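# Coordinates in review
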Amino acid sequence: MTNGSHANRFPNSLYSVAGIALVYWLLYQLNDWLFTNFEVSRSISWIFLPAAIRVIAVLLLDWEGVAGLLFGSIVMAFPWHGDASVNSCIVSVLSSLSPMLAVTSGAYLMKTKADLHGLGAKQLFVFALLGALFNSVIQNTYFQLSGTAKSWLTGLVPMFVGDFIGTLIVLYCASMLIRFSLRRDARQSSLSS
Amino acid sequence: MPKKATSPNYSQTYIKFINLAQAIRELPTFPSLDGAEQQLLNAFAVLWNQKKSVRVLEAMQMFPDISASTVHRRLVTLRKKGMISLEADEENQRVKYIAPTPLAHKYFAKLGECLNKAIAT
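Residues numbered from 1 in each chain as written. Chains lettered and ligands numbered in written order. Predicted model: local features only at pLDDT ≥ 70, side-chain atom pairs only at ≥ 80, totals over all residues.

## What about the overall build of chain B?
Each helix and strand in chain B was counted, giving five helices and three strands. Element order for chain B, N to C, with α for helix and β for strand: α-α-β-α-α-β-β-α. Burial analysis of chain B (121 residues in total) assigns 16% to the buried set. A separation threshold of at least 6 residues defines the contact pool for chain B, and within that pool the share at least 24 residues apart is 46%. (Helix = DSSP H or I, 4+ residues; strand = E, 2+ residues; numbered from the N terminus. Buried ≥ 20, exposed ≤ 12 C-beta atoms within 10 Å, placed from the backbone. Contact = placed C-beta atoms within 7 Å.)

Written out as structure tokens, the structure reads:
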């Protein structure tokens, strides 16, 4: 590969990272607006929509997805911690790396193809489940070790449920949106022909 | 997939996007049924409720306003959508019975719920 092609890719990578970070942040704001009552703490909610982007970003963009999630997490953490504390940076790194672990292990277990060919609803459910599992276990282990949380389970259960439900909600909304747009396109093409 | 640590190929990312969109589109919900499929399913539901079995050949002659070939095509699509299954007769394997699937039972239960709600309001 030439240096030129690397140079050409750089802006694309930057756009991907910025795009993922932006979508992550927007979903976080939407979650905050819609499901404030479901919040257990600042970082744990019984419904957590941005969890869907974690899995989708890594499925589509691999490490660029991780970079986008990390950037988005740090941007989201900044307003509350102000000083971008070491603790919030560690949580951001963990929450960005956990979907990579989930996708890697899921792809290994289900023998998913590199281009996602043949990916079905069942595999998506497994990825969503693994994403929720890895994220909740890793983050809550850190909370426990760092002394941030009093009990491991009280954080783990709502985070796992929140991530899984949040992912399903976003996937189903996307599913309905795709079906609706396909139906509309079909109707328009049948009207024009 | 994550195995590769090199920067991604964007045409590959697009292919992944198409495959992911397809998987998202296929998330299980109640399949959308067209008018003929609904008509068939409703007629079968009445018979299933009376504990009567419905043979494929009978079904093809059951609807005066729908041609036998259309009924057959709709039986195929209903089967693909997971709403009916075809069960072979124990004595004569060539005779096939149309049977409801668990999804069809859920579909009618959901319709019943909607109807109850509509009556209640």
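Moving on from the coordinates now.
## Quick notes on the nonpolar core
By size, the foremost hydrophobic cluster in this structure holds 44 residues, and its most contacted members are Val55(A) and Leu59(A). Looking at this core, the elements with two or more residues in it are helix 1 (3-34), helix 2 (51-81), helix 3 (86-110), helix 4 (121-146) and helix 5 (152-192) of chain A together with helix 1 (10-25) of chain B. Looking at which element gives the most residues to this core, the answer is helix 2 of chain A, with 14 residues. Residue contacts for Val55(A): discarding those within four places in its chain leaves Pro99(A), Ala102(A), Val103(A), Phe127(A), Ala128(A), Gly131(A) and Thr167(A). (Core = buried A, V, L, I, M, F, W, Y, C linked by C-beta atoms within 7 Å.)

## So, the pairing of strand 3 (residues 96-100) of chain B
All names here are of chain B. Looking at chain direction, strand 1 (residues 54-55) and strand 3 are connected through two bridges and run antiparallel. Following the sheet pairing, Val54 is matched in strand 3 by Ile98. Summarising the sheet, strand 2 (residues 84-88) and strand 3 pair through five bridges and their orientation is antiparallel. Paired with Ile84 across the two strands is Pro100, which belongs to strand 3. (Pairing = 2+ DSSP bridges.)

## A word on the sheet that holds strand 3 of chain B
Residue and element names in this part refer to chain B. The strand order across the open sheet built from three strands is 1-3-2, with neighbouring strands paired in antiparallel fashion. The open sheet has two free edges, formed respectively by strand 1 and strand 2, since each of these has just one partner strand. Sitting on the sheet, helix 4 (residues 68-80) is in contact with strand 2 and strand 3, with an inclination near 105° to strand 2. (Axes fitted to C-alpha atoms, helices over the stretch in contact; angles between N-to-C directions.)

## Concerning the interface of chain A and chain B
The accessible area lost on association of the parts is a frequent measure of interface size. Listed per partner, the contact involves 31 residues of chain A and 21 residues of chain B. Elements represented by at least two residues in the side of chain A that touches chain B include exactly helix 1, helix 2, helix 3, helix 4 and helix 5 of chain A. Top contributing element to the side of chain A that touches chain B by residue count: helix 2 of chain A, with eight residues. Looking at side-chain class alone, the side of chain A that touches chain B contains 18 nonpolar, eight polar and five charged residues. (Nonpolar A, V, L, I, M, F, W, Y, C, P; charged D, E, K, R; others polar.)

## Section: the packing of helix 3 of chain A against helix 4 of chain A
All names here are of chain A. Their axes nearest at 8 Å, the elements helix 3 and helix 4 cross at an angle of 145°. For the pair helix 3 and helix 4, the sense of crossing is right-handed. Here the residues of the contact of helix 3 with helix 4 are counted per class, giving 14 nonpolar, 10 polar and no charged. (Left-handed = near helix turned anticlockwise from the far one by under 90°.)

## Quick word on the confidence of the model for chain A
Detailed conclusions should not be drawn from predicted coordinates in areas where pLDDT is low. Here chain A shows a mean pLDDT of 82. Residues at 70 or above account for 86%. Confidence, expressed as mean pLDDT per element, reaches its minimum in chain A at strand 1 (residues 39-41) of chain A with 77 and its maximum at helix 3 of chain A with 90. (pLDDT = per-residue confidence, 0-100.)

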